[in-house]
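Overview (structure and organization)
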Amino acid sequence: FKSYSNLRKVGNGGGVTTLIHRDLINHCEEVNTEELMKGVSASISVIKLSDPASSTGCYIVNCYIPPSNSSTKGKKHNSSSNFDALNTIIGKLNDNSGNEILLCGDLNARIGDADGYDQPVTNRACFISDTELDVINDSSDIHPMSPISTLRNSKDKSTNSHKGHLLDLVGSQNLLVLNGRTLGDSSGHYTCFKWNGNSVIDLFISSTSFTHRVKYLHVAEHTLFSDHSPVILQLWSKTPPKASSKGPAPNYEAAPFKYKLTEEGLSRFKDMLKEDQITSQIKDLQEKISLANISVDAAKSACSDFSSLINSVAKDCFDKSKPNGPNKPKYEAWFDQKCHTARRLLKRSIRTVDKNPDNQSIKDRHR
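Notes on the structure follow. Being a predicted model, the structure only gives us computed values, none of them experimental.

The rules behind these values
- Residues numbered from 1 in each chain as written.
- Predicted model: local features only at pLDDT ≥ 70, side-chain atom pairs only at ≥ 80, totals over all residues.
- Heavy atoms only, no water.
- Helix = DSSP H or I, 4+ residues; strand = E, 2+ residues; numbered from the N terminus.
- Expected span 1.5 Å × (residues − 1).
- Buried < 20%, exposed > 50% of the residue type's maximum accessible area, 1.4 Å probe, protein only.
- Arc of directions from axis to C-beta.
- Contact = heavy atoms within 4.5 Å.
- Polar contact = N/O pair within 3.5 Å; in protein donor to acceptor, adjacent residues only side chain to side chain.
- Salt bridge = Lys/Arg side-chain N within 4 Å of Asp/Glu carboxyl O.
- Pairing = 2+ DSSP bridges.
- Axes fitted to C-alpha atoms, helices over the stretch in contact; angles between N-to-C directions.
- Parallel < 35°, antiparallel > 145°, perpendicular 65-115°, else oblique.
- Left-handed = near helix turned anticlockwise from the far one by under 90°.
- Nonpolar A, V, L, I, M, F, W, Y, C, P; charged D, E, K, R; others polar.
- Core = buried A, V, L, I, M, F, W, Y, C linked by side-chain atoms within 4.5 Å.

With that settled, the discussion passes to helix α7 (residues 337-355). In an α-helix, one full turn covers 3.6 residues, which means residues spaced three or four apart are oriented alike. The terminal C-alpha atoms of α7 lie 27 Å apart, and with 19 residues this matches the ideal 27 Å at 1.5 Å per residue to within 8%. The complete set of buried residues in α7 reads R348, S349 and T352. Down the axis of α7, the buried side of the element spans an arc of 100 degrees, and every buried residue falls inside it. The outward face of α7, more than 90 degrees from its buried face, is lined by the exposed residues R343, L346 and D354. Contacts from the buried residues of α7 go to β13 (214-219) and α8 (360-365).

On to the side chain of N82. Residue position: N82 is located in helix α1 (residues 79-93). The class of N82 is buried, set by a relative accessible area of 1%. Among the polar contacts listed, one links the side chain of N82 to the backbone nitrogen of A42, at a separation of 3.1 Å. When residues no more than four places from it in sequence are discounted, the contact partners of N82 are V40, S41, A42, I65 and P66.

Under the criterion given, the structure shown has 5 salt bridges. With its nearest N and O atoms 2.7 Å apart, the salt bridge here joins D156 to R110. Note that D156 is positioned in the loop between α2 (130-140) and α3 (162-172) and R110 in the loop between β8 (100-106) and α2, a separation of 46 residues in sequence. Residue classification places D156 among the buried residues on the basis of a relative accessible area of 3%.

The next thing to look at is the sheet that holds β8. Ordered by their spatial adjacency, 6 strands build an open sheet running β3-β4-β5-β8-β12-β9, and the pairing between neighbours is mixed. With one partner strand each, in any of the chains shown, β3 (28-31) and β9 (175-177) form the two edges of the open sheet. Adjacent strand axes in the sheet meet at a mean angle of 20 degrees when their direction is disregarded. Two strands pair when backbone bridges link them, and β8 and strand β12 (residues 202-207) are joined in this way by 5 bridges, in the antiparallel orientation. Residue pairing for β12: L103 is matched across the bridge by I205. Contacts between α3 and the sheet are confined to β8, β9 and β12, with β9 contributing the most and set at about 130 degrees to the helix.

This part is about the side chain of N99. Residue placement: N99 occurs in the loop between α1 and β8. Residue class for N99 comes out buried when judged on its relative accessible area of 7%. Side-chain polar atoms of N99 contact the backbone oxygen of L93, separated by 3.0 Å. When residues no more than four places from it in sequence are discounted, the contact partners of N99 are T56, G57, Y59, L93, N94, S207 and S209.

In this section: the packing of helix α5 (residues 276-290) against helix α6 (residues 296-314). Their axes nearest at 10 Å, the elements α5 and α6 cross at an angle of 165 degrees. In terms of their interaxial angle, α5 and α6 are classed as roughly antiparallel. Note on packing geometry: the crossing formed by α5 with α6 is left-handed. On the side of α5, the interface is formed by I278, Q281, I282, L285, K288 and I289, while α6 contributes A298, S301, A302, D305, F306, L309 and V313. Residues of the contact of α5 with α6, tallied by class, amount to 9 nonpolar, 2 polar and 2 charged.

Looking now at α6. The end-to-end C-alpha distance of α6 is 27 Å, a good match for the 27 Å that 19 residues give at a rise of 1.5 Å each. The complete set of buried residues in α6 reads A302, L309, V313 and A314. The buried residues of α6 all sit within an arc of 135 degrees when viewed along its axis, so they share a single face. Structural note: α6 exposes V296, D297 and K300 on the side pointing more than 90 degrees away from its buried face. Turning to α6, the residues buried within the fold contact β15 (259-260), α4 (263-273) and α5.

What follows is about the packing of α4 against α6. It is the contact of α4 with α6, at a shortest axis distance of 10 Å, that shows an interaxial angle of 130 degrees. Compared by their axis directions, α4 and α6 come out oblique. In terms of crossing hand, the pair formed by α4 and α6 is right-handed. Facing α4, whose interface residues are F269, M272 and L273, α6 presents I310, V313 and A314.

Next up on the list: the nonpolar core. Counting 29 residues, the largest nonpolar core has I44, V61, L86, L103, L107, L166 and I205 as the members making the most contacts within it. When contributions to this core are tallied by element, the ones reaching two or more residues are β4 (43-50), β5 (57-64), α1, β8, α3, β9 and β12. Looking at which element gives the most residues to this core, the answer is α1, with 6 residues. Ranked by size, the runner-up nonpolar core spans 15 residues in total, among them I60, I142, L176 and L217.

A few words on the environment of E264. Considering the arrangement of structural elements, one finds E264 in helix α4. You can call E264 exposed: its relative accessible area is 68%. When the C-alpha positions of E264 and C317 are compared, they lie 8.4 Å apart, and in sequence the two are 53 residues distant.

Right under this line is the structure:
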């Protein structure tokens, strides 16, 4: 992994770190946000993942915003300036309508079970044109195949002063809180455990254009190493590798035979190796291999010659076992990659409906 960090410059340390797998390093770059972060106490790291197949990018915004009641060196944190800076950064990333945004981190914002999702516009004012209406509806729709509900749940019913700032950000930038509405976390599990109560403050928030990538969200079991539980968001690849319906071409090789060793055969084998003709051939091979400047191909050829020599002696001394035939399939599989995909999506829809039996909108979407 390669680490991209934004460390806190005041106080007792801290900050945020984003780890990018080495396979993706060539497709990612760090976005400089220093100018926009002056005078704020939040820590924000922005990484752009480029899609080689298009001109758009996926921006991962890793963020930590201090609690509203905390302070550093006696100076109280300004919640409004922190969220304003975050809003400005995401607004600049959203300049290209095709860009996808994933905001994640400890935002210390308790929003209860607030939905934070604007339904597509159906009743429009007279001053909105049909073209503008299409743009609004297209940009605010959740991808139909994503395991995300329009309704949101949360075990944390309390709110704090960060709620208004975060919901303003979500609404103005057309974002979606994934906790509490995504497959794997449909009930909105607690993510932070303190002596004075539990809360949901470690959030994944994405643009609606990002929802087609979401596979599931899972809040892992709480450990003793932190008062925060790991929150895992698993994604689909936008361009999965193309698989042939027939699979790779078979390349069967017969299994090597074995010799049946006997005391008589071993005795005869040793005697034959002492014959002049055999010892002369072995000596020639030894001289060939002992050359200092021997090439790789010549060494491989000498090894092959030696194996042939030993086998030529052994076949006159031992009986061979019956070779096993290759395990060829009795018939070709009738299903292809499309069948696999359809079956996987069916199972996912069944699980989603089973976990939300009373949610009519989920039933309609997966019918």
